[in-house]
Amino acid sequence: DVKVTQSSRYLVKRTGEKVFLECVQDMDHENMFWYRQDPGLGLRLIYFSYDVKMKEKGDIPEGYSVSREKKERFSLILESASTNQTSMYLCASISGLVAESTDTQYFGPGTRLTVL
Amino acid sequence: AQSVAQPEDQVNVAEGNPLTVKCTYSVSGNPYLFWYVQYPNRGLQFLLKYITGDNLVKGSYGFEAEFNKSQTSFHLKKPSALVSDSALYFCAVRGYGNNRLAFGKGNQVVVIP
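Residues numbered from 1 in each chain as written. Chains lettered and ligands numbered in written order. Predicted model: local features only at pLDDT ≥ 70, side-chain atom pairs only at ≥ 80, totals over all residues. Heavy atoms only, no water.

### Quick notes on the overall build of chain A
Move 1: Check the secondary structure of chain A and you find 0 helices and 11 strands.
Move 2: Mapped in sequence order, the helices and strands of chain A form the string β-β-β-β-β-β-β-β-β-β-β.
Move 3: Here chain A has a C-alpha radius of gyration of 13 Å; the compact-globule value for 116 residues is 13 Å, and the two agree.
Move 4: Taken over the C-alpha atoms alone, chain A extends approximately 40 × 30 × 25 Å along its principal axes.
Move 5: Out of the 116 residues in chain A, the part that is buried amounts to 48%.
Move 6: The long-range share in chain A, meaning contacts at least 24 apart out of those at least 6 apart in sequence, stands at 57%.
Move 7: Charged side chains in chain A number 15 positive and 16 negative. The centres of these two groups are separated by 8 Å. (Helix = DSSP H or I, 4+ residues; strand = E, 2+ residues; numbered from the N terminus. Rg over C-alpha atoms; globule rule 2.2 N^0.38 Å. Buried < 20%, exposed > 50% of the residue type's maximum accessible area, 1.4 Å probe, protein only. Contact = heavy atoms within 4.5 Å. Lys, Arg positive; Asp, Glu negative; His and termini not counted. Charge placed at Lys NZ, Arg CZ, Asp CG, Glu CD.)

Quick look at the structure:
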């Protein structure tokens, strides 16, 4: 089975702190994604990566950056956390060329981040 | 652009009754359609998908969904709901050639014992 893990289930940070959210997948997937989930808004794509050191902005990249130095690991960085970044963050991965793939995205358990 | 509409915020159903969660989509070209389920404080779990072929797709936990191209719908169904089916359900679509999924807002399903 595909396994996507996230470094923390719950995280509490203060406004202005730099925050790192880590995601690791063990199935050698080329593509990895970061979403945030908010009630009534569903899942919104922040960034995704289709290869090591390659990234593409999603729908809501402002206030976030990402890093992918190794194929299995994709990090989401909040340079200066703000209260409006309090949310559930979900990581996902998928194999192959995403635009043609019939595979499904596999999700991690999520990190619930609270910014005070 | 691609998008998904899940018109109902919450669906209440009595245990043992049929469950339907509605989804309509908008996409250019052929759609790839997915249903995911999320239990409290958990990530999304894949239920089923439509790629091509038979319009009726069967998935995990007794769920099925019917692809209707003319109505651009992909409703999720279960003949007899269980209390354990209470969760948040997401419909998602990706058009062929597009490299990202579009998710609906989600439907909270509450199965009443």
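Let's pick the thread back up.
### Brief notes about the state of the cysteines
Move 1: Going through the model one piece at a time under the given rule, you end up with 2 disulfides over all chains.
Move 2: Two residues, Cys23 of chain A and Cys91 of chain A, share a disulfide whose sulfurs are 1.9 Å apart. What sets the handedness of the Cys23 of chain A and Cys91 of chain A disulfide is the S-S torsion sign, and at about -75° it is left-handed. Placement of the pair is Cys23 of chain A in strand E3 (residues 19-25) and Cys91 of chain A in strand E9 (residues 87-94), with a sequence separation of 68 residues.
Move 3: Using a relative accessible area of 0% as the deciding quantity, one classes Cys23 of chain A as buried.
Move 4: Disulfide pairing is shown between Cys23 of chain B and Cys91 of chain B; the S-S distance is 2.0 Å. (Disulfide = S-S within 2.5 Å.)

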